[in-house]
Amino acid sequence: MKFQGITGKFTEANVDALAIAVFKGEKATGSDLKQFDALTGGLIASVIKNEEFKGDKGETALLRFSPSGAVKAGRLLLVGVGEKAKYKASDVSGVSGTATRFLRSRNVKSFALLPRAEGDAVEIAQAAAQGFVTSQFELDKYKTKDKNEKAVAGLTLCIDGAKAADLKNGLTRGQIIGESMNFTRDLANEPPNILQPTEFAKRAQAMAKETGMKCEILDEEKMIKLGMGSLMSVSIGSAQPAKMIIVKYTPAKSTAKKGELLALVGKGITFDTGGISLKPGEGMDAMKYDMSGGATVLGTMRAIGLLKPTIPVIGIVAAVENMPDGAASRPSDVVTAMNGKTVEILNTDAEGRLVLADAVAYAEKMGATKIIDMATLTGAVIVALGDQNTGIMGNDQDLVDSLIATSKEVGEGFWQLPVSEEYSKMIKSDIADVKNIGPRGKAGTIMGAVFIQEFIDKAKWAHLDIAGTAWMDSAKSHQSKGPTGVAVRTLLKFVEKSQ
Ligand code: BES
Ligand code: MN
Ligand code: ZN
């Protein structure tokens, strides 16, 4: 992959194609488009007039022309970006991704992009490179034939008036972030027979080694010793031993307040059958994605390891398989979690919260003062928010607000749902401290959150329910279908803003 930043002479870039962002309703005779319209002999005016291209978000039109003079590319791709007033730096990742996917399908190997976004050049360049990298992720890893062998290898990014150093910095950052999102997506996409907890742990160790971080793996013996009866109750029905993965990032020079430590905690259910509360067969295959929260933690840690912010961060993944067998937990079992609380398991399919209970308690035991957990926790969040927004809940409004604001800045959507004592009462058990489900059909996503909250002691805590956003059922103009790598960008930016 080759990235280059330029600050002028866009049309003269030594590439196969030129790509420009075009606003909705923009005229070919406008001061910006005029020169490109002339270059193509009036083709822009023509496609706009014929309504072949309107400038809607994700729309594309490829124009072929005979290059002359210093111009080398014979193709100009128009990429719609929607309304000019709403277009911002973070949207450039979608524009870059849409251009990349389109041009890749036409066998183009390199292109120059004129994103025409206002704002910080580092941010725009970062978004462009990230979109370039993430748009080329495909699900074909295990195909022996019909693989997508095409690849766009080079991106030349043009931002007029930008500093060369900012462009370079942004492009490098964007490549790291894009590759880290793809790292998350590759993990999420792995079949569950290949990526079981042991393999998950190995991938984490390899990633930590490559990025210069420490990685520790707790095995079942250790977890039993620590009293993680809640997590172990999920693992007990599986032939695959559970692993607790801990990745530690320590900055060379910390700017964090003494004693402050952020932990990112992920649900890493490598396959969720539901256990004895068995899921219906139809669609169960999607439960290979039930480790997406854990994959997000590892992808974010990868980016942190490479970009080196000045605050310490630990990443924790509870990697467990949820299977039914003769040893599996039964609805009505009572188990004791690491923090001493007893849990009545009324549905073995509400397993994510059971493993997270011990994982967040462990994070606090390791000294975390701020915990962000992420999980494909409830089907209910898909009913509430669809695939547009990640559900967010927490015990500290400043932390929640800051995560929501950050999600907006990077172009992801987080939407808050409430937690309160009234909701917490709904998971009181008749025979133990808490039960792992609330009343049928009521506030399912919040029930998951208030359950996890029972295992937070003093830490500030936010919970992300990514069940609706971790993977997409269909491709978009800028990304393949399947895992999305959601929340990696938000969490990284949150960490960088916290330094
Ligand atoms: N992993 C599922 C949640 C899920 C469902 C994620 C669909 C993505 C798509 C989770 O473990 C689960 O089974 N949750 C139950 C909870 C219920 C038993 C209280 C659910 O949502 O049905
Ligand atoms: Mn489940
Ligand atoms: Zn699950």
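Everything discussed here concerns the structure shown above.
Residues numbered from 1 in each chain as written. Chains lettered and ligands numbered in written order. Predicted model: local features only at pLDDT ≥ 70, side-chain atom pairs only at ≥ 80, totals over all residues. Heavy atoms only, no water.

Colleague: Sorry, what's going on with the pattern of salt bridges here?
Modeller: Opposite charge on two side chains permits them to pair, given that their charged atoms come into close proximity. A complete count under the given rule lists 25 salt bridges for this structure. Of the charged contacts, one joins Asp-186 and Arg-203 as a salt bridge, the two residues approaching to 4.0 Å between their closest N and O atoms. Of this pair, Asp-186 sits in helix H5 (residues 164-189) while Arg-203 sits in helix H6 (residues 197-210), placing them 17 residues apart in sequence. Connected through salt bridges with shared partners, the residues Lys-141, Asp-186, Glu-190, Glu-199 and Arg-203 form a single ionic network. (Salt bridge = Lys/Arg side-chain N within 4 Å of Asp/Glu carboxyl O. Helix = DSSP H or I, 4+ residues; strand = E, 2+ residues; numbered from the N terminus.)

Colleague: Is there a simple way to explain the coordination of the zinc ion (ligand 3) in this structure?
Modeller: Angles at a metal have ideal values that depend on geometry: 109.5 degrees with four tetrahedral donors, 90 or 180 degrees with six octahedral donors. Distances from the zinc ion (ligand 3) to its protein donors, namely Lys-267 (NZ), Asp-272 (OD), Asp-290 (OD) and Glu-351 (OE), fall within the range 2.0 to 2.4 Å. Classification of the site at the zinc ion (ligand 3) as octahedral follows from its six donor atoms and the range of 78 to 174° in their angles at the metal. Each donor residue of the zinc ion (ligand 3) lies on the same chain, and together they follow the pattern K-x4-D-x17-D-x60-E. Between the zinc ion (ligand 3) and the manganese ion (ligand 2), a separation of 3.2 Å is found, and both are coordinated by Asp-272. Remark: Glu-351 occurs in the loop between strand S12 (342-345) and helix H10 (352-365) and Lys-267 occurs in strand S9 (residues 262-272); sequence separation between them is 84 residues. Looking at Lys-267, the relative accessible area reads 1%, which means it is buried. (Donors = N, O, S within 2.8 Å, 3.2 Å for Na, K, Ca; no water. Tetrahedral: all angles 85-135°; square planar, octahedral: opposite > 155°, others 65-115°. Buried < 20%, exposed > 50% of the residue type's maximum accessible area, 1.4 Å probe, protein only.)

Colleague: Please clarify how the sheet that holds strand S1 (residues 2-6) should be interpreted in this entry.
Modeller: In a beta sheet, neighbouring strands pair by backbone hydrogen bonds and run either parallel or antiparallel. Ordered in space as S1-S6-S5-S2-S4-S3, the six strands form an open sheet in which the pairing is mixed. Each end of this open sheet is capped by a strand with a single partner; those strands are S1 and strand S3 (60-64). Between one strand axis and the next, the sheet turns through 20° on average, direction left out of account. Note that strand S2 (residues 17-22) and strand S4 (residues 75-80) share five bridges and pair parallel. For Ala-19, the partnering residue across the bridge sits in S4 and is Leu-77. (Pairing = 2+ DSSP bridges. Axes fitted to C-alpha atoms, helices over the stretch in contact; angles between N-to-C directions.)

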